Amino acid sequence: QGHMEGEVWGLATHPHLPICATVSDDKTLRIWDLSPSHCMLAVRKLKKGGRCCCFSPDGKALAVGLNDGSFLIVNADTLEDLVSFQHRKDVISEIRFSPGAGKYLAVASCDNFVDIYNVMSSKRVGICKGASSYITHMDWDVRGKLLQVNTGAKEQLFFEAPRGKKQTIPTLEVEKIVWASWTSVLGSCCEGIWPIIGEVTDVTASCLTSDSKVLATGDDFGFVKLFRYPAKVSNFQLYVAHSTHVTNVRWTYDDSLLVTVGGADTSLMLWTYEMEGHRDSRQCDSEESDLDSEEDGGYDSDVTRENEINYTIKALSTNIRPMFGIKPHLQQKEPTLDER
């Protein structure tokens with residue numbers, strides 16, 4: 001019942017029900033039951049592979065971004081087409097309904113633009129320009145009037161909606177904004193999720209609980225991590241299940257489950273989230289530490305120490321094998337026959 005060839009990147013949880021949607025390079029859109037049955041509820045073949053999807057705020061519609069630059073909105077129950085558009089030629093990397101009535105739909109692509117559509121009139125009403133690289137993450141504020149955008153160049157940009165005018169907002173003001181969701185990996189509120197030494201693509205996804213207390217992340221190393229929000233320091237709990245990079249993470253509507261998808265392993269993982277003080281004592285494969293533990297430097301100090309090691313310098317300064325004897329240019333030469 002799972003996805004097949006290619007990678008799985010698209011993941012969306014329903015706003016009111018224990019179900020989620022996934023879309024993959026294998027050209028299928030799938031709906032999954034997150035209750036104990038854990039079964040696939042529906043599947044639909046697509047004309048192209050996809051990398052993102054999103055439920056409307058009322059849960060009745062599902063937007064899907066495809067790899068050819070097009071996107072479609074389908075009925076969330078029947079998966080039948082409601083409307084489709086194509087204004088771009090590159091991969092649609094992220095797609096988001098505005099909060100509340102879901103009047104607008106923001107569609108980000110790998111050609112560095114975000115298009116804003118009026119869902120009711122089915123017309124494009126704004127274009128967000130100014131990104132110097134492809135769009136990776138996107139969030140609306142609770143009023144549906146501001147978009148936060150992350151790019152592959154590690155830019156955190158802001159655009160007024162629906163026209164798409166670029167805004168410059170001081171860091172202190174950004175922290176005061178109330179967001180309808182938080183899937184950003186950039187900004188002062190999540191500085192601590194980044195390894196000390198790493199690449200711009202190391203952290204692939206994040207998602208904040210509805211009470212804004214716990215930030216979950218997925219990364220290129222196959223790790224799922226939990227941070228206290230705001231995550232301004234690198235203190236976390238680390239969990240391992242995926243065999244390859246984690247491409248997306250999402251909390252369910254009631255924050256009781258964390259859903260993650262893996263890229264090359266094409267798997268969908270469910271994690272039970274237990275509130276502090278209500279944890280069962282049981283064996284698990286996760287590298288957990290007490291939330292208030294400061295022993296050995298706090299959470300996962302081994303990972304911190306690992307990040308601080310410069311392996312390049314260490315490799316160059318270490319002998320490949322032990323050396324014995326005297327170096328040739330220091331050895332005493334035997335006298336020749338003439339010298340004797």
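Residues numbered from 1 in each chain as written. Predicted model: local features only at pLDDT ≥ 70, side-chain atom pairs only at ≥ 80, totals over all residues. Heavy atoms only, no water.

This part covers the overall build of the chain. Scanning the chain from terminus to terminus reveals three helices and 23 strands. Here the analysis covers contacts within the chain between residues at least 6 apart in sequence; of these, 43% occur between residues at least 24 apart. (Helix = DSSP H or I, 4+ residues; strand = E, 2+ residues; numbered from the N terminus. Contact = heavy atoms within 4.5 Å.)

So, about the sheet that holds strand β22 (residues 257–262). Strand order in the open sheet formed by three strands is β21-β22-β23, and the pairing between neighbours is antiparallel. Only two strands of the sheet have a single partner each, and these edge strands are β21 (246–251) and β23 (268–272). On average, each strand axis in the sheet is tilted by 20° relative to the strand beside it, whichever way the strands run. Sheet topology note: the β21/β22 ladder contains five bridges and is antiparallel. Bridge pairing in β22 places W251 opposite L258. (Pairing = 2+ DSSP bridges. Axes fitted to C-alpha atoms, helices over the stretch in contact; angles between N-to-C directions.)

The next thing to look at is the sheet that holds strand β11 (residues 114–118). On the basis of which strands lie adjacent, the open sheet formed by four strands has the order β9-β10-β11-β12 and antiparallel pairing. If you trace the sheet from one side to the other, it starts and ends with β9 (92–97) and β12 (123–128), each paired once. Averaged over neighbouring strand pairs, the angle between their axes works out to 20° when direction is ignored. For β9 and strand β10 (residues 104–109), the ladder comprises five bridges, and the chain directions are antiparallel. By the bridge assignment for β10, I95 is matched with V107.

Below, the discussion takes up the side chain of T13. By the element assignment, T13 lies in strand β1 (residues 8–13). Accessibility expressed as a relative area gives 16% for T13, which makes it buried. Among the polar contacts made by the side chain of T13, one reaches the main-chain carbonyl oxygen of W251 at a distance of 2.9 Å. Not counting the four nearest positions on each side in its chain, T13 is found in contact with I19, C20, F55, R250, W251, T252 and V259. (Buried < 20%, exposed > 50% of the residue type's maximum accessible area, 1.4 Å probe, protein only. Polar contact = N/O pair within 3.5 Å; in protein donor to acceptor, adjacent residues only side chain to side chain.)

For the rest of this paragraph, the subject is the UniProt feature "repeat: WD" (unreviewed entry) in the chain. As recorded in UniProt, the feature "repeat: WD" (unreviewed entry) lies at residues 239–271. For the annotated span residues 239–271, helix accounts for 0% and strand for 55% of the residues, and the straight-line distance between the end C-alpha atoms is 10 Å. (UniProt positions renumbered as here; feature names shortened; annotations may be inferred.)

All right, on to the pattern of salt bridges then. This structure, assessed with the given rule, holds twelve salt bridges. The partner of R30 in a salt bridge is D26, and the shortest N-O contact between them spans 3.8 Å. Across the pair, exposure class does not vary: R30 and D26 are buried alike. Residues participating in the shared-partner salt-bridge network are R88, D111, D115 and R124. (Salt bridge = Lys/Arg side-chain N within 4 Å of Asp/Glu carboxyl O.)

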